[in-house]
Amino acid sequence: MSWMSSKEYTNTISYKLSSLSDTKRHGYKVSVKNLNSWFGSKQALKDINFDVKENTVTALIGPSGCGKTTLIRCLNRMNEMTSSAIVKGSVYLDDIDIYASNVDPVIIKRRMGMVFQKPNPFPTMSIYDNVAAGLKLNGIRNKALIREIVEESLKGSVLWDEVKDELGRPGLSLSGGQQQRLCIARALAMQPEVLLMDEPTSALDPIASAKIEELMNELRKELTVIIVTHNMQQAARVSDYTAFMYLGELVEYGPTKQIFENPQKELTERYISGKFG
Ligand SMILES: Nc1ncnc2c1ncn2[C@@H]1O[C@H](COP(=O)(O)OP(=O)(O)OP(=O)(O)O)[C@@H](O)[C@H]1O
Ligand SMILES: [Mg+2]
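Remember, it's a predicted structure, so these values are computed and weren't measured experimentally.

Trainee: How would you explain the pairing of strand E2 (residues 42-52) if you had to name every residue and give the values?
Mentor: Inspection of the sheet shows strand E1 (residues 30-39) paired to E2 by seven bridges, in the antiparallel sense. Looking at E2, one finds that Ser37 is bridged to Leu45. The hairpin turn running from E1 into E2, its antiparallel successor, is two residues long, and Gly40 in that turn takes a positive phi close to 60°.

Trainee: Residues and numbers for the sheet that holds E2, please.
Mentor: A sheet is described by the order of its strands in space; here four strands give the open sequence E2-E1-E4-E5, paired in antiparallel fashion. Each end of this open sheet is capped by a strand with a single partner; those strands are E2 and strand E5 (96-97). With eight bridges joining them, E1 and strand E4 (residues 85-93) adopt antiparallel strand pairing. Looking at the pairing, Phe39 lines up with Ala85 of E4.

Trainee: Please provide a residue-by-residue account of the site of ligand 1, values included.
Mentor: Close contacts around ligand 1 come from Phe39, Ala44, Gly62, Ser64, Gly65, Cys66, Gly67, Lys68, Thr69, Thr70, Thr82 and Ser84, and that covers them all. Broken down by element, the residue count for the shell around ligand 1 peaks at three residues, all from helix H2 (residues 68-74). Taken together, the residues that form the shell around ligand 1 break down as three nonpolar, eight polar and one charged.

Trainee: Just give me the short version of helix H8 (residues 206-222), but keep the residues and values in it.
Mentor: The terminal C-alpha atoms of H8, which comprises 17 residues, lie 25 Å apart, in line with the 24 Å expected from a rise of 1.5 Å per residue. The set of residues buried in H8 consists of Ile212, Leu215, Met216 and Leu219. Those residues of H8 that are buried lie in contact with strand E3 (57-61), helix H7 (176-189), strand E7 (194-198), strand E8 (224-228) and helix H9 (232-238).

Trainee: Go over H7, please, and point to the residues and values.
Mentor: The terminal C-alpha atoms of H7 lie 20 Å apart, and with 14 residues this matches the ideal 20 Å at 1.5 Å per residue to within 8%. Counting buried residues in H7 gives 13 out of 14 residues, a clear majority hidden from the surface. Looking one or two places after H7, you find Gln191, whose phi comes out positive at around 55°.

Trainee: Can you explain the packing of helix H4 (residues 127-137) against helix H5 (residues 143-156)? Please cite residues and give values.
Mentor: Look at H4 against H5: their axes get within 9 Å of each other, and the N-to-C directions meet at 120°. One element, H4, and the other, H5, form an angle in the oblique class. Considering only the axes of H4 and H5, their crossing is right-handed. Of the residues in H5, those in contact with Tyr128, Val131, Ala132 and Leu135 of H4 are Ile146, Ile149, Val150, Ser153 and Leu154. For the contact of H4 with H5, the class distribution of residues is eight nonpolar, one polar and no charged.

Trainee: Please set out the environment of Ser83 residue by residue, giving values where relevant.
Mentor: Along the chain, the position of Ser83 falls in the loop between H2 and E4. The exposure class of Ser83 is exposed, given the 7 C-beta atoms found within 10 Å. Expressed as a C-alpha distance, the spacing of Ser83 and Ile259, which sit 176 residues apart in the sequence, is 35 Å.

Trainee: Give a detailed account of the pairing of E4, specifying residues and quantitative values.
Mentor: Taken together, the two bridges between E4 and E5 define a ladder with antiparallel strand orientation. Bridging across to E5, Leu93 finds its partner in Ile96. Counted along the chain from E4 to the antiparallel partner E5, the turn is two residues long, and its residue Asp94 has a positive phi close to 50°.

Trainee: So, the environment of Leu137: which residues are in play, and what are the values?
Mentor: Along the chain, Leu137 falls in helix H4. The spacing of Leu137 and Thr82 is 55 residues in sequence and 24 Å in space, taken between C-alpha atoms.

Trainee: Now, about the nonpolar core: what can you tell me, with residues and values included?
Mentor: Of all hydrophobic cores here, the largest spans 69 residues; its most connected members are Leu60, Leu75, Leu195, Val225 and Ile226. Top element by residues in this core is H7. It accounts for seven residues. Apart from the residues within four sequence positions on either side, Val225 is in contact with Val57, Leu195, Met197, Met216, Leu219 and Arg220.

Here is what the cut-offs are and how they apply
- Residues numbered from 1 in each chain as written.
- Chains lettered and ligands numbered in written order.
- Predicted model: local features only at pLDDT ≥ 70, side-chain atom pairs only at ≥ 80, totals over all residues.
- Pairing = 2+ DSSP bridges.
- Helix = DSSP H or I, 4+ residues; strand = E, 2+ residues; numbered from the N terminus.
- Near = placed C-beta within 6 Å.
- Nonpolar A, V, L, I, M, F, W, Y, C, P; charged D, E, K, R; others polar.
- Expected span 1.5 Å × (residues − 1).
- Buried ≥ 20, exposed ≤ 12 C-beta atoms within 10 Å, placed from the backbone.
- Contact = placed C-beta atoms within 7 Å.
- Axes fitted to C-alpha atoms, helices over the stretch in contact; angles between N-to-C directions.
- Parallel < 35°, antiparallel > 145°, perpendicular 65-115°, else oblique.
- Left-handed = near helix turned anticlockwise from the far one by under 90°.
- Core = buried A, V, L, I, M, F, W, Y, C linked by C-beta atoms within 7 Å.

Take it as geometry only, folks, not as evidence of what the structure does.
Written out as structure tokens, the structure is:
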């Protein structure tokens, strides 16, 4: 995207975190080490470890209540916004331990965008302003630049052709599937390096879901995607790697083909063949 190299954009949005980095690069985009989480006294995540390569799609699967949402929310420091939540362990974004005391969680959320299960456009805003809002908040004043980023982000989320002639319409007047792509455009406008998606298609019809799935294929070229899904076929279709969780533990993690065709654990085999969950 041409605007990504724009000087004003880079100066305003990009944060040089190199001074916070460890000296040794571990080579993964996201690395989760000994991650534990509790809500009050109830443990929701138990010693989770896995590494995610750049420009891949990773699917988190597992039965309801196993900790998928908690895990994905720990990856960009969103989970700690729940007052009863405790998080222990490390998550690395490149070489940065995002839980280190000198790291600003606001910056982490910018670099690791989140799309939720239920589309949540800003209710009073137009399509255009939904995508532009974050840029304005971050001090970008150049209208031509904002316009370019809005257009590129809406193209990036494959919504542009459907809305380009009516950008002033309320975001909420779009269909559910369009709203979800609007939320993806809003996330893309912040130029995240990682996009976290918690069941982004569960509220959508099959056609809208297929569009989001196609989109993931495109997004993988630009960034790293981690997606929670209940839909096993979707996980098999869109992801390069799959993590199967059960009762707060990461039972098995590996290339999607292997997890689905040759799982190493009996529990994984039973889940993916629909014997429980
Ligand atoms: N805000 C919260 N307060 C207390 N407990 C919570 C909270 N959020 C989640 N939990 C508990 O943490 C565990 C994991 O929940 P989580 O939402 O991560 O599961 P999930 O795998 O995303 O489930 P689903 O597939 O239904 O979305 C559950 O036992 C849940 O009850
Ligand atoms: Mg969930």
